[in-house]
Amino acid sequence: MSQDDLSSVVEFTNLVFRSSGLELTASAESGEEGPRVQVEGEDVALLLGHNAELLDALEYLGNRVSSRLSGEDARIVFDSGNYRARREKELRLMAEKAAEKVRSTRVPFSFDPMTANERRIIHLTLSEDASVRTESRGDGENRKLVIFPA
C-alpha cells in the first residue's frame with residue numbers, strides 16, 4: 001500500500017469524524033505488522049464502547065476505501081489507546097480459562113458472538129492444546145466459537 005493511499009484513508013476517516021460531530025482525529029503510522037490508523041480525541045469512549053463496534057466499523061470502511069484506491073486487499077488496522085493489544089491479551093486469557101473449564105468438566109463451552117478476528121485469536125491460542133478443539137458455529141453477527149473436549 002502506498003503512503004498516498006494510506007493518507008487518503010486517514011483523510012476519509014477524519015471527514016467521517018467531522019461530519020458526525022465526533023471529537024476524534026485519525027493519524028497514520030507504519031509498523032512492522034503493516035499500516036495502522038491511530039484514533040485519538042475526547043470521544044474515544046464512544047469509539048470503544050460496545051466491544052469497539054464503531055472502531056471495527058471504521059476499520060472496515062477504511063479497508064474498503066483502501067481497496068478501491070489501490071485495487072488490492074491491504075489490511076489496515078485501526079486502533080486507539082492500544083485497545084487491540086489489550087483486547088487480544090484479554091481474549092487469550094478468556095480462551096485459557098474456558099479451555100481449563102472444558103478440560104475439567106468435559107462440557108463444551110460457547111462464547112458469545114464475536115468478530116472473525118476475535119474468533120481467530122482464540123482458535124490460534126488453543127491450536128496447540130491437544131486436550132481441546134475449537135469450532136466456529138452460526139452465521140453472520142451470531143457466529144460463535146465453541147470449545148470442545150478432545
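Since the structure is predicted, the reported quantities are computational estimates derived from the model, not experimental observations.

Here is what the cut-offs are and how they apply
Residues numbered from 1 in each chain as written. Predicted model: local features only at pLDDT ≥ 70, side-chain atom pairs only at ≥ 80, totals over all residues. Heavy atoms only, no water. Helix = DSSP H or I, 4+ residues; strand = E, 2+ residues; numbered from the N terminus. Buried < 20%, exposed > 50% of the residue type's maximum accessible area, 1.4 Å probe, protein only. Contact = heavy atoms within 4.5 Å. Lys, Arg positive; Asp, Glu negative; His and termini not counted. Charge placed at Lys NZ, Arg CZ, Asp CG, Glu CD.

Peer 1: How should I be thinking about the overall build of the protein chain in this particular structure?
Peer 2: Check the secondary structure of the protein chain and you find 4 helices and 6 strands. What you see in the protein chain, going N to C, is helices and strands ordered as α-β-β-α-β-α-β-α-β-β. For the protein chain, the spread of C-alpha atoms along the three principal axes comes to 50 × 30 × 30 Å. A total of 150 residues make up the protein chain; the buried ones form 37% of that total. Nonlocal contacts in the protein chain, meaning residues at least 24 apart in sequence, comprise 49% of its contacts between residues at least 6 apart. Computed over 20 positive and 27 negative side-chain charges, the separation of the two mean positions in the protein chain equals 9 Å.

Peer 1: In this structure, what is going on with the environment of Glu-40? I would like to understand it.
Peer 2: Mapped onto the elements, Glu-40 comes out in strand 2 (residues 34-40). In this structure the C-alpha to C-alpha distance between Glu-40 and Thr-25, which are 15 residues apart in sequence, comes to 5.4 Å. Ignoring sequence-local partners within four residues, the contact set of Glu-40 consists of Glu-23, Leu-24 and Thr-25.

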